Amino acid sequence: MSINVKDAVKAIREMVPIIDPEDDYLTIAAAEERMAITHETRQRELHEAHVKLKQLAKVLEAARISAARPPTIPSAEEHVAQMNDLDATRLSLAKAINDAEGALAGKEAELTRLKEETRALEMSDPAAEHDLDATALRLAMYKGLGFEPVMDKDGQMLKILIRAESGDVHRVTFDRNKSDAEYTSLLWKLATS
């Protein structure tokens, strides 16, 4: 299908009286002006929407941060584990306290018993309970000092054995030739040799 040029020229000439260039120009200028105003309004609305979006993004980020669990606060699982550990510690401490209280009660009972024994011992007189032989006591003290008396069957001292500090053993026989002071001096001299 081809268009005949003569037909096209004829159709254009018929339309010339219908087309008013000034009216079309005004329509086009009004449309361009309207489009510019619409474009400017859309740009302003877009800018305002962008500003609001930025503000809402800041609010959202702040809400996320405030809603997030801080690193110092444990998670729910960690919290449960810590609570279990604290419960176990509490139970072990309660057991230790009970054991310590039991031991304390035992020690208090023992202390009371020991105080009663001390009071009873302070009130008693062991010397009155026993017949002490002063001679046996003196002989034991002399022996501890290194003097060992030798007695006859009547209880009379015949001689004395002296253990000196050097380890030597000396024997002194008592005859009535010397005084008691001379014997005492001799005995101490031999004991310290």
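Rules of the game
Residues numbered from 1 in each chain as written. Predicted model: local features only at pLDDT ≥ 70, side-chain atom pairs only at ≥ 80, totals over all residues. Heavy atoms only, no water. UniProt positions renumbered as here; feature names shortened; annotations may be inferred. Helix = DSSP H or I, 4+ residues; strand = E, 2+ residues; numbered from the N terminus. Rg over C-alpha atoms; globule rule 2.2 N^0.38 Å. Contact = heavy atoms within 4.5 Å. Lys, Arg positive; Asp, Glu negative; His and termini not counted. Charge placed at Lys NZ, Arg CZ, Asp CG, Glu CD. Core = buried A, V, L, I, M, F, W, Y, C linked by side-chain atoms within 4.5 Å. Buried < 20%, exposed > 50% of the residue type's maximum accessible area, 1.4 Å probe, protein only.

For the protein, an unreviewed UniProt entry supplies the name Kinetochore protein Spc24 and the organism Lentinus brumalis. Recorded under Function (unreviewed entry), the UniProt text for the protein is reproduced unchanged: "Acts as a component of the essential kinetochore-associated NDC80 complex, which is required for chromosome segregation and spindle checkpoint activity." Of the protein, the UniProt comment under Sequence similarities (unreviewed entry) reads exactly: "Belongs to the SPC24 family."

Undergrad: Looking at this structure, how should I read the overall build of the protein?
TA: The helix and strand tally for the protein stands at 6 helices and 3 strands. For a compact globule of 193 residues, the expected C-alpha radius of gyration is about 16 Å, and the protein comes in at 65 Å, more than 25% above that figure. On the principal axes, the C-alpha backbone points of the protein span a range of 190 × 45 × 40 Å. Long-range pairs, those at least 24 residues apart, make up 21% of the contacts in the protein between residues at least 6 apart in sequence. Treating the 26 positive side-chain charges of the protein as one cloud and the 35 negative ones as another, the clouds have centres 4 Å apart.

Undergrad: I tried to follow the nonpolar core on my own but got confused; where do I start?
TA: In globular proteins that are soluble, nonpolar side chains generally tend to be buried together. With 8 residues, the main nonpolar core is built from Phe147, Ile160, Ile162, Val172, Tyr183, Leu187, Leu190 and Ala191. Every element with two or more residues in this core is listed here: β2 (157–163) and α6 (180–191). The greatest single-element share of this core, amounting to 4 residues, is contributed by α6. If near-sequence neighbours (up to four positions away) are discounted, leucine 187 is found in contact with Phe147, Ile160, Ile162 and Val172.

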